[in-house]
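# An overview of the molecular structure
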Amino acid sequence: MRTHRTATALLAAGALVLVAGCSSSGGKEARESKEQGGGVVAADTPRMKVAMVTHSGEGDTFWDIVQKGAKAAAKKDNVEFLYAANKEGKEQAQLVQSYIDQKVDGIVVTLAKPEAVRDVVKKAVAAGIPVVTINSGGEFSQAVGALTHIGQDESVAGEAVGEELNARGKKKAVCVIHEQGNVSLEARCAGVRKTFKGTVENLNVEGTNMPASTSTIQAKLQATGDVDAVVTLGAPFAAASVQAKKGAKVSAEINTFDLNADVVKQLKAGEVGFAVDQQPYLQGYLAVDGLWLNKVNRNVVGGGKPVLTGPALIRQQDADALAELTADGTR
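Read on for an overview of the structure. Keep in mind it's a predicted model, so treat the numbers as computed, not measured.

Each value, and the rule that gives it
- Residues numbered from 1 in each chain as written.
- Predicted model: local features only at pLDDT ≥ 70, side-chain atom pairs only at ≥ 80, totals over all residues.
- Heavy atoms only, no water.
- Phe/Tyr/Trp six-rings, centres within 6.5 Å; stacked < 30°, edge-to-face > 60°.
- Buried < 20%, exposed > 50% of the residue type's maximum accessible area, 1.4 Å probe, protein only.
- Helix = DSSP H or I, 4+ residues; strand = E, 2+ residues; numbered from the N terminus.
- Pairing = 2+ DSSP bridges.
- Contact = heavy atoms within 4.5 Å.
- Axes fitted to C-alpha atoms, helices over the stretch in contact; angles between N-to-C directions.
- Right-handed = clockwise from strand over helix to strand, strands pointing away.
- Parallel < 35°, antiparallel > 145°, perpendicular 65-115°, else oblique.
- Nonpolar A, V, L, I, M, F, W, Y, C, P; charged D, E, K, R; others polar.
- Disulfide = S-S within 2.5 Å.

## A short note on the packing of aromatic side chains
Enumeration over the complete set of coordinates arrives at two aromatic pairs. For the ring pair phenylalanine 62 and tryptophan 63, a centre distance of 5.0 Å and an interplane angle of 75 degrees mean the geometry is edge-to-face. A single burial state applies to phenylalanine 62 and to tryptophan 63, both of which are buried. Between tyrosine 281 and tyrosine 285, the aromatic rings sit 6.3 Å apart at their centres with planes inclined by 20 degrees, giving stacked as the arrangement. Here tyrosine 281 pairs with tyrosine 285, and both are found in helix H10 (residues 280–297), just four residues apart, close to one helical turn. Judged by relative accessible area, which is 23%, tyrosine 281 ranks as partly exposed.

## Looking at the sheet that holds strand S7 (residues 79–85)
Strand order across the open sheet formed by six strands is S7-S6-S8-S9-S10-S16, with parallel pairing between neighbours. Two strands in the sheet have a free side with no partner beyond their single neighbour: S7 and strand S16 (307–308). Of the pairings in the sheet, the one linking strand S10 (residues 148–151) to S16 comprises two bridges and is parallel in character. Across the sheet, the residue bridging to glycine 151 is leucine 308, located in S16. Strands in contact with H10 are strand S6 (48–54), S7, strand S8 (106–109), strand S9 (131–134), S10 and S16; relative to S6, the strand with the most contacts, it is inclined by about 145 degrees.

## Concerning the environment of valine 242
Topologically, valine 242 is positioned in helix H8 (residues 235–248). With a relative accessible area of 9%, valine 242 lands in the buried category. Residues valine 242 and glutamine 218 lie 24 residues apart in sequence; the distance between their C-alpha atoms is 9.4 Å. Sequence-distant contacts of valine 242, that is, excluding residues within four places in its chain, are made with Ile254, Glu271 and Val272.

## A closer look at the pairing of S8
Look at any regular strand and the pattern is simple: side chains alternate between the two faces of the sheet. Side-chain alternation along S8 places Gly106 and Val108 on one buried face and Ile107 and Val109 on a second face that is also buried. Across four bridges, the pairing between S6 and S8 is parallel. Directly across from alanine 51, in S8, lies its bridge partner isoleucine 107. Note: S8 against S9, three bridges, orientation parallel. Its bridge partner being in S9, valine 108 is matched across the sheet by valine 132. Once the chain exits S8 it traverses helix H4 (residues 114–126) before rejoining the sheet at S9, and the crossover so formed is right-handed.

## Some details on the pairing of S9
Side chains of S9 alternate between two faces, with Val131 and Thr133 and Val132 and Ile134 buried alike. As defined by bridge partners, S9 adjoins S10 across three bridges and the pair is classed as parallel. Each bridged residue has a counterpart across the sheet, and for valine 132 the counterpart in S10 is threonine 148.

## Let's talk about the environment of glutamate 201
With respect to the helices, strands and loops of the structure, glutamate 201 is situated in strand S12 (residues 199–204). Residue classification places glutamate 201 among the partly exposed positions, given a relative accessible area of 34%. Placed 26 residues apart in sequence, glutamate 201 and cysteine 175 show a C-alpha to C-alpha distance of 6.1 Å. Every residue in contact with glutamate 201, bar those within four places of it in the chain, is listed here: Ala173, Val174, Cys175, Arg193 and Lys220.

## Regarding the packing of helix H3 (residues 89–101) against H4
In a pair of packed helices, the angle between the axes and the distance between the axes together describe the arrangement. With their axes 8 Å apart at the nearest point, H3 and H4 run at an angle of 10 degrees to one another. Accordingly, the angle class assigned to the pair H3 and H4 is roughly parallel. Only Ala116, Val117, Val120, Lys123 and Ala124 of H4 make contact with H3, whose side of the interface consists of Gly89, Lys90, Gln92, Ala93, Val96, Gln97 and Ile100. Considering only residue class, the contact of H3 with H4 consists of seven nonpolar, three polar and two charged.

## Notes on the state of the cysteines
Inspection of the entire model under this criterion finds one disulfide. In this model cysteine 175 forms its disulfide with cysteine 189; the gap between the sulfur atoms is 2.0 Å. Judged by the sign of its S-S torsion, about -85 degrees, the cystine formed by cysteine 175 and cysteine 189 is left-handed. Here the residue cysteine 175 occupies a position in strand S11 (residues 172–177), and cysteine 189 occupies one in helix H6 (residues 183–195), the gap between them amounting to 14 residues. Summarising the burial analysis for this pair, cysteine 175 and cysteine 189 share the class buried.

So, in structure tokens, the structure goes:
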């Protein structure tokens, strides 16, 4: 696996993990005790409540992994974890407002549609609720007053894909966007276009309707016989593209952003060429843990810079090592 990260982000992420086991509250060492039987270190700090609001659509397995990481950190940190999602920006903003009204101790939010949620995030910060942004819209994180952003640089990730396509000798790619208006998805395709020496065409599909998405991709492959690479921007759409490729009876290579158990199987079978891993478990875990650290020890991770969790390119030879982890829902 080849990982693209800045030295600052690596140090920041490492510092967060190391500090998490030993923090303080009010100048006193935090007391920690092991839970009976599980071996999990649970913080004996005051109970706090953290809410996460994302732009997830129905059936997107990526967010299951994010939540699993967040819940693991919450269990360790004596945090009550709340989760809500809506793919529409206006509704996402309303969810954030509901958590402001509940006076939660911290909010984790995605900025996929920043114009719709930026004002309510600023409102949370003004109300004294610390905010961590994750996954998307990292370039807007500082402007809304967030403590830090945790995720991958989507432009850099796209550029890595373009370079990999060059190395594989590809000439014409289709970049499948499953949510129109999502700034992070658009940045991924723009990054691919920046470094890829061939041509890239964006293809919008109805991301919440997988049969329709499959049909749209298949029709594109049938109509454009010289496409030799398909890049999907979410793991569920890799399977849709594999099916579309079979239906179109073409030889285009399917590649994808994000991992799940199905993508690992497809990598092993040679149905997917490579995947881009941004480690969603880590995004959820570090976001909750970072808010806990800020609460009990006034820590702020990242030094004003985003904490990068990717990208890492996963190829067929890497699949076996990740199979058990993806089956467990942590990668």
